Amino acid sequence: MGTEAGARARGPVGRRVSGAGRLVRRQALGALVDDAAGSPLKRTMGVAQLTLLSVGATLGTGIFVVLGQAVPEAGPAIVVSFVLAGVTALFSALSYAELAGMIPGSGSSYSYAYATLGELVAWVCGWCLILEYGVSVAAVAVGWGQYVNELLHLTLGVTLPDSLSAPPGAGGTLNVPAALIVVLAMVVLLRGAKESAVANTVMVAVKIAALVMFCAVAFTAFRAGNFHPLFPLGAAGMSAGAASLFFSYIGFDAASTAGEEARDPQRDLPRAIILSLVLVTALYVLVAVAALGAMPWKEFAGTEATLSQVLVQAVGGGDLWPILLSIGAVVATTSVVLTVQYGQIRILFAMSRDGLVPPLFAKVHPRTGVPRANTVIVSAFIAVLAALVPLGSLADATSIGTLFAFMLVNLAVVLLRRRSPDAPRSFRVPLAPVIPLLGVGFCAYMLFSLGSDTWIAFGAWMAAGLVIYATYGIRHSRLGLQGLQPAGPAAPGQEHAA
């Protein structure tokens, strides 16, 4: 057991840090590794399960849900938007891979920021992750309800009334299906990580098959003229489309939240993160080309359950293909809800263990190895959000929180290369610091492509988070209670030193 771990067992030690020093105190890398090694969570996942966890959290959101809203922003250039968003995500994915191999805990980019940029920035990052994960689950749950309605219409000729399937502001009163899927995901998650991984594996297989089927059918109606002109709304439209579609890449980092439930995290986490992103990007671009080739871009405006409507309006041939596609979409979005909800719960678990949120979120059930109260509270919050907030607002809010978190991850790689150059790394970002700094630049570029309303909402969210940190987090911080303040880079083998 390292020095810090032993100090934790003995209770608060040393002197308290006062003033601005409290905001920049950092976790030592060794302490984070100790936390992961001594975690009460069960290690049940290999590289295949971790990869499918990331694919499950990512694949489906942008294609099945957001595509219909993004195409009118960019026109046929939406294909380029997917590539731009994917490249932006790739820079960050490489940084995630390096840090996940170094710090195999449940905190993801929150923990990476804590080790490099200090407690205040770590809190901001964690608060962004709460926005990213929690709000994206709600957004996908809204999309799930849209595809359920489409499936009911195709199979039974009925749809749920708007009062029960749309939120206020979108013609309804309460989005019951969206809340229902969040509750069902909670039930699965309460059973344990292993059981959740099995359910996710089945659902990922179904949604990949559904997307391959869509491409095969849509390409039979492909018209090259639908891509002329490629940039009808200019480069600004392409950038706006990429900023919106970045929402669809959220989730590849879900594997990093499973660091304490991976059997060999140093080896498997980097592989899972990169493999999942490459697979998802390839499928996204293929499906976008097929969809735009089958239906003119102006007809995407106002569509819900977009891919199903592409098959109905452009391909024809009865309801069989749209029905199969809608079934795949329902399964796909269920998988995203399950896996991203899982990630949200693990982020709060790590923040609670560090004392920045109440200890209730870190209590683990001894039989299932699941933070039960955490799971129920988070799921209830997301269910209410999904029932009451429209999809577009949720998607943009998720993108801005994610881009901030990704910028911090890229910066963390640069700082750790300088502060701890000899620390063990199972994966190294190539061409560092160039690649991480490009990641920062691309994220910043896409941030400023988002609308002013999104920035205002994000500012309000950050203000609320800073109030919570000032009134609770800074007073209950485990690092603060121990009086620990790493003074600089530790020598090799001394990462546990205070």
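Relevant structure appears above.
Figured I'd write up the structure that's included with this text. Predicted model, so just to flag it, every value in this text is computed and none were measured. The numbering scheme is per chain: residues are counted from 1 as the chain's sequence reads. Restriction of local features to residues with pLDDT of at least 70 applies here, the model being predicted, together with a cutoff of 80 or more for giving and counting side-chain atom pairs; totals for whole chains, interfaces and linings are based on all residues. Only heavy atoms go into the side-chain values, all of them from the structure, while hydrogens and water stay out.

A few words on the packing of helix H10 (residues 176–189) against helix H16 (residues 372–388). In this description, a line fitted to the C-alpha atoms serves as the axis of each element, helices being fitted only across the stretch in contact, and the angle between N-to-C directions of two axes falls anywhere from 0 to 180 degrees. Put simply, DSSP marks the helices as runs of H or I at least four residues long and the strands as runs of E at least two long, and each gets a number from the N terminus on. Taken N-terminus to C-terminus, the directions of H10 and H16 make an angle of 165°; their axes are 8 Å apart at the nearest point. With respect to each other, H10 and H16 are oriented roughly antiparallel. Along this stretch, H10 crosses H16, giving a crossing that reads as right-handed. Where H10 approaches H16, its residues Ala178, Ala179, Val182, Met186 and Leu189 are matched on the opposing element by Thr375, Val376, Ser379, Ile382, Ala383, Ala386 and Ala387. Roughly parallel refers to an angle under 35 degrees, roughly antiparallel to one over 145, roughly perpendicular to one between 65 and 115, and oblique to any angle outside these ranges. Here a crossing is taken to be left-handed if its near helix is turned anticlockwise relative to the far helix by less than a right angle, and right-handed if that turn runs clockwise. Contacts were defined at the residue level, with two residues in contact if any of their heavy atoms lie within 4.5 Å.

Residues Ile78, Phe82, Phe214 and Leu307 are the most contacted members of the largest nonpolar core, which totals 154 residues. What Leu307 contacts, discounting residues up to four positions off in sequence, is Ile63, Phe64, Leu67, Tyr147, Leu211, Phe214, Val287, Ala291 and Leu325. Take the buried residues of types Ala, Val, Leu, Ile, Met, Phe, Trp, Tyr and Cys, join any two whose side-chain atoms come within 4.5 Å, and each joined set is a nonpolar core. Three labels apply to residues, based on accessible area from a 1.4 Å probe with only protein chains included: buried if under 20% of the type maximum, exposed if over 50%, partly exposed otherwise in between.

Here, a disulfide means two cysteine sulfur atoms that sit within 2.5 Å of each other. All chains considered together, the criterion is met by zero disulfides. Counting only cysteine sulfurs, Cys128 is the nearest neighbor of Cys125, a cysteine outside any disulfide, at a range of 6.4 Å. When its relative accessible area of 0% is taken as the criterion, Cys125 is described as buried. Residue class for Cys128 comes out buried when judged on its relative accessible area of 0%.

Now for H10. An α-helical turn contains 3.6 residues, so any two residues separated by three or four positions project in the same direction. If you check H10, its first and last C-alpha atoms are 20 Å apart, about what 14 residues at 1.5 Å a residue would give, namely 20 Å. For H10, the set of buried residues is Pro177, Ala178, Ala179, Ile181, Val182, Ala185, Met186 and Leu189. Here the buried face of H10 lies against helix H8 (119–156), helix H9 (162–165), helix H11 (193–218), helix H15 (320–353) and H16. Two N or O atoms count as a polar contact when they lie within 3.5 Å, although within protein this holds only if one can serve as hydrogen donor and the other as acceptor, and sequence-adjacent residues are included solely when both atoms are side-chain atoms. Measuring from the side-chain oxygen of the N-cap residue of H10 to the backbone nitrogen of Ala178 gives 3.2 Å; that N-cap residue is Asn175. A helix is expected to span 1.5 Å multiplied by its residue count minus one.

Everything listed here is a matter of coordinates, which is why it stays silent on function.
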